[in-house]
Amino acid sequence: MKYLFSSLLLVSALTSFAQDTKTIKQSGNPIFPGWYADPEAAVFNNKYWVYPTYSAKYKEQVFLDAFSSDDLVKWKKHPYVLDTAAVKWANKAMWAPAIVQKDKKYYLFFGANDIQSDNEIGGIGVAVADKPEGPYKDHLGKPLVDKFHNGAQPIDQFVFKDKDGQYYLIYGGWKHCNIAKLNKDFTGFLPFDDGKIFKEITPDNYVEGPYMFIRNGKYYFMWSEGGWTGPDYSVAYAVSDSPFGPFKRVGKILQQDPTIARGAGHHSLIINEKKNKYYIVYHRRPLTETDGNHRETCIDEMKFDTDGMILPVKITKEGVKAQKFK
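Here the structure is a predicted model, which is why all the values come from computation and not from measurement.

1. With respect to the overall build of the chain
Thought 1: A tally of regular secondary structure across the chain gives 1 helix and 20 strands.
Thought 2: Out of the 326 residues belonging to the chain, those deemed buried represent 55%.
Thought 3: Partitioning the intrachain contacts of the chain with sequence separation of at least 6 by distance along the chain shows that 49% fall at a separation of at least 24.
Thought 4: A total accessible area of about 15,400 Å² is found for the chain, and carbon and sulfur atoms account for 52% of it.

Shown next as structure tokens:
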């Protein structure tokens, strides 16, 4: 009898192990616990990273966490990679980080204070560290952008590297989007040929959350539409031959599914050109939640048709399969 009991225990253990192994092969959504939004995805040294907004009341948004993974499935939390203690001019609403690696340094761009006019202190800042997980320190001691240029609120920053190696800051809320040419050490901007610093590239229906990438020589510009607390929050895109446009809106590619989640938007991408894999990392609100700040970070695969147009993304509970970057 004891041998039968031992055999049953062994079968049970093997079954449990098999279930665990099966589960671990899929990321599931959300990809990590907690209320997080506006995720910025990146790859450093073949490791995946996500830098989200901590989704809470503005006065509680005084820090940024980061998450890393080797396979898109198991994620490690790196708490407080940056907080307002390191940024003396910031005191609330630390939002939508954007990150770039340059000259063996990591630069984390962020919005802070949710300024409503040119007379307030805040806007877009830059922090720097020697490692992706930080700790980050204030790069300038003041905001990089602290005024409303072309009507754009200085939030929702994204750093885009063009084919010639030039870095641009693309940003803006309040239904306006600007692009500006960053200088070499990210301490300021270089003027365009016409002397302007901030060029407006706002497409139809733009609200916030810009993102840009290059595929087959074309510039894909993506942004969020609708209200961030509502079910209509979504992502649309346009394509151009230049990072300055013109950008004619093609249509939505990410939006809610009433059977899965609401308010799917404010995204970024993980692009693996060698494997021809594109993953969209975004936030959404569970069907059970009514609090605007109850947003979670999710991932799904993004695909293209034969003409290079982005196919509508199916948001899922399962997420994506385990995938090493290299």
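Following the structure, the description resumes.
2. Some points on the nonpolar core
Thought 1: Residues Phe-213, Met-222, Ile-253 and Met-302 are the most contacted members of the largest nonpolar core, which totals 37 residues.
Thought 2: Only β9 (158-161), β10 (167-171), β14 (208-215), β15 (218-225), β16 (234-240), β17 (248-254), β18 (261-272) and β19 (277-286) provide two or more residues apiece to this core.
Thought 3: Among the elements that make up this core, the one with the highest residue count is β15 (5 residues).
Thought 4: Dropping the residues within four chain positions of it, Met-222 is found in contact with Gly-209, Pro-210, Tyr-211, Phe-213, Val-235, Ala-236, Tyr-237, Ile-253, His-267, Leu-269, Met-302 and Ile-310.
Thought 5: Counting 20 residues, the second largest nonpolar core, distinct from the first, contains Ala-42, Trp-49, Val-81 and Met-94.

3. Quick notes on the sheet that holds β16
Thought 1: Pairing is antiparallel in the open sheet, where 4 strands are placed in the order β14-β15-β16-β17. In this open sheet, the two strands that pair with only one neighbour each are β14 and β17. Here the strands of the sheet are splayed against their neighbours by 25 degrees on average, with no regard to which way each runs.
Thought 2: Here β14 pairs with β15 via 6 bridges, running antiparallel. Residue pairing for β15: Ile-214 is matched across the bridge by Tyr-219.

4. Some remarks on the pattern of salt bridges
Thought 1: On inspection of all chains with the given rule, the structure shows 9 salt bridges.
Thought 2: Its salt-bridge partner being Glu-225, residue Arg-249 comes within 2.7 Å of it at the nearest N-O pair. Of this pair, Arg-249 sits in strand β17 while Glu-225 sits in strand β15, and the two are 24 residues apart along the sequence.
Thought 3: Its relative accessible area of 26% is what places Arg-249 among the partly exposed residues.

5. Structural notes on the side chain of Glu-208
Thought 1: Within the secondary structure, Glu-208 sits in strand β14.
Thought 2: The side chain of Glu-208 is buried and forms no salt bridge, while Arg-295, the nearest opposite charge, is found at 6.6 Å.
Thought 3: A polar side-chain atom of Glu-208 sits 2.5 Å from a polar atom in the side chain of Tyr-233.
Thought 4: Look past the residues within four positions of Glu-208 in its chain and what remains in contact with it is Asp-156, Gly-172, Gly-173, Trp-223, Ser-224, Trp-228 and Tyr-233.

6. Topic: the side chain of Glu-296
Thought 1: With respect to the element layout, Glu-296 can be found in strand β20 (residues 296-301).
Thought 2: Nearest to the buried, unbridged Glu-296 among oppositely charged side chains is Arg-284, at 4.1 Å.
Thought 3: The contact partners of Glu-296, leaving out residues within four places of it in the chain, are Pro-30, Gly-34, Trp-35, Tyr-36, Tyr-282, His-283, Arg-284 and Pro-286.

7. Brief notes about the packing of aromatic side chains
Thought 1: Here the structure, examined in full by the defined rule, presents 31 aromatic pairs.
Thought 2: Both rings, one in Phe-32 and one in Trp-75, keep their centres 6.1 Å apart while their planes meet at 75 degrees; by these two values the pair is edge-to-face. Taken as a pair, Phe-32 in the loop between α1 (2-24) and β1 (36-44) and Trp-75 in the loop between β3 (63-69) and β4 (76-83) lie far apart in primary sequence, 43 residues in all. Each member of the pair Phe-32 and Trp-75 is classed as buried.

8. Some details on the environment of Ala-238
Thought 1: Counting through the fold element by element, Ala-238 comes out in strand β16.
Thought 2: Residues Ala-238 and Lys-248, spaced 10 residues apart in sequence, show a C-alpha to C-alpha distance of 5.5 Å.
Thought 3: When sequence neighbours within four positions are dropped, the list of residues in contact with Ala-238 reads Tyr-219, Tyr-220, Phe-221, Trp-223, Phe-247, Lys-248, Arg-249 and Val-250.

9. As for the confidence of the model for the chain
Thought 1: Taken residue by residue, the chain gives an average pLDDT of 94. The fraction at 70 or more is 93%.
Thought 2: Per-element confidence in the chain is highest for β10, whose mean pLDDT is 99, and lowest for α1, whose mean pLDDT is 42.
Thought 3: Scored below 50 in pLDDT, residues 1-22 makes 0 contacts in the model with residues more than four places away or belonging to other chains.

10. So, the environment of Ile-214
Thought 1: Of note, Ile-214 is situated in strand β14.
Thought 2: A relative accessible area of 21% means that Ile-214 is categorised as partly exposed.
Thought 3: Dropping the residues within four chain positions of it, Ile-214 is found in contact with Phe-160, Asp-162, Lys-163 and Tyr-219.

Parameters at a glance
Residues numbered from 1 in each chain as written. Predicted model: local features only at pLDDT ≥ 70, side-chain atom pairs only at ≥ 80, totals over all residues. Heavy atoms only, no water. Helix = DSSP H or I, 4+ residues; strand = E, 2+ residues; numbered from the N terminus. Buried < 20%, exposed > 50% of the residue type's maximum accessible area, 1.4 Å probe, protein only. Contact = heavy atoms within 4.5 Å. Areas by Shrake-Rupley, 256 points an atom, 1.4 Å probe, with all protein chains shown as cover. Core = buried A, V, L, I, M, F, W, Y, C linked by side-chain atoms within 4.5 Å. Pairing = 2+ DSSP bridges. Axes fitted to C-alpha atoms, helices over the stretch in contact; angles between N-to-C directions. Salt bridge = Lys/Arg side-chain N within 4 Å of Asp/Glu carboxyl O. Lys, Arg positive; Asp, Glu negative; His and termini not counted. Polar contact = N/O pair within 3.5 Å; in protein donor to acceptor, adjacent residues only side chain to side chain. Phe/Tyr/Trp six-rings, centres within 6.5 Å; stacked < 30°, edge-to-face > 60°. pLDDT = per-residue confidence, 0-100.

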